[in-house]
Amino acid sequence: MKQFQSFGSTENAMLPNKHRRQAATDMYAEPENFLEIEVINPKTHRASTAGGSEMYTDYEIVCRTNLPSFGTTSVIRTRRRYSDFEFFKKCLVKEIALASHPPVTVPSLPGKIILSNRFSDEVIEERRKGLNKWMQSVAGHPLLQSGSHVLVRFIEEPKFMG
């Protein structure tokens, strides 16, 4: 006697492997290649200088990846100031201009804060959100994800030198 198969299971069995439904364990497994970046945990510092004291805010960048271009395949954490993001963008634009792949448009950074309240919690949180969105946009681009040495250095090096 022929075993009964529902339409869904018969249909799935007839599909090529790449179109078959995935098992739950496969759906929730770690992807083959991934790069996740978050900008979190802003901290404002007061540094003593020859002319008095200077305040600045830096942001923690948390990167989770298994891409071979990164030296580690787990979680990378580093802290960067807004000026580091500006320098990173300049280096990225230069790297793209010298590359042989199709041109990539690097989005604009969130604007520089000139107002006197730049260290208020609300302003810092708005900037963090903007930097987070910007980093995710840059890291999400397939050509930059797989081929940008500047991106790797910005994430991995304790002090970004370009």
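Residues numbered from 1 in each chain as written. Predicted model: local features only at pLDDT ≥ 70, side-chain atom pairs only at ≥ 80, totals over all residues. Heavy atoms only, no water.

1. Digging into the packing of aromatic side chains
(1) Moving on: What the rule picks out here adds up to 7 aromatic pairs.
(2) Moving on: Between Phe85 and Trp134 the ring centres are 6.4 Å apart and the planes differ by 75°, which places this aromatic pair in the edge-to-face class. Of this pair, Phe85 sits in helix H3 (residues 82–98) while Trp134 sits in helix H4 (residues 121–140), and the two are 49 residues apart along the sequence. Like Trp134, Phe85 is buried.
(3) Moving on: Between Phe88 and Phe160, the ring centres sit 6.0 Å apart and the planes meet at 85°, which makes this aromatic pair edge-to-face. Of this pair, Phe88 sits in helix H3 while Phe160 sits in the segment after helix H6 (149–156), and the two are 72 residues apart along the sequence. With respect to class, Phe88 is no different from Phe160; both count as buried.
(4) Moving on: Ring-pair connections join several aromatic residues into one group, and the members of that group are Phe85, Phe87, Phe88, Trp134, Phe154 and Phe160.
(5) Moving on: For the cation-ring pair, Arg81 lies above Tyr56, with the distance from its terminal atom to the ring centre recorded as 3.9 Å.
(6) Moving on: Over the aromatic face of Tyr82 sits the side chain of Arg127, whose NZ or CZ is 3.8 Å from the ring centroid. (Phe/Tyr/Trp six-rings, centres within 6.5 Å; stacked < 30°, edge-to-face > 60°. Helix = DSSP H or I, 4+ residues; strand = E, 2+ residues; numbered from the N terminus. Buried < 20%, exposed > 50% of the residue type's maximum accessible area, 1.4 Å probe, protein only. Lys NZ or Arg CZ within 6 Å of the ring centre and 35° of its normal.)

2. A look at the pattern of salt bridges
(1) Moving on: One pass over the structure, following the stated rule, counts 5 salt bridges.
(2) Moving on: Between Arg81 and Glu54 there is a salt bridge; the shortest N-O distance is 3.1 Å. With Arg81 in strand S3 (residues 75–81) and Glu54 in strand S2 (residues 52–65), this pair connects stretches of sequence that are 27 residues apart.
(3) Moving on: In this structure, the salt-bridge partner of Glu125 is Arg128, at a minimum N-O distance of 2.8 Å. Placement of the pair is Glu125 and Arg128 together in helix H4, with a separation of 3 residues, close to one helical turn.
(4) Moving on: The class for Arg128 is buried, based on a relative accessible area of 15%. (Salt bridge = Lys/Arg side-chain N within 4 Å of Asp/Glu carboxyl O.)

3. With respect to the packing of H3 against H6
(1) Moving on: Two elements in contact, H3 and H6, have axes whose closest approach is 9 Å; the angle formed by their N-to-C orientations is 160°. Between H3 and H6, the angle falls in the class roughly antiparallel. Crossing of H3 over H6 shows right-handed handedness. Taken together, the residues of H6 that come into contact with H3 (itself represented by Asp84, Phe85, Phe88, Cys91, Leu92 and Glu95) are His149, Val150, Leu151 and Phe154.
(2) Moving on: For the contact of H3 with H6, a count of residues per class yields 7 nonpolar, 1 polar and 2 charged. (Axes fitted to C-alpha atoms, helices over the stretch in contact; angles between N-to-C directions. Parallel < 35°, antiparallel > 145°, perpendicular 65-115°, else oblique. Left-handed = near helix turned anticlockwise from the far one by under 90°. Contact = heavy atoms within 4.5 Å. Nonpolar A, V, L, I, M, F, W, Y, C, P; charged D, E, K, R; others polar.)

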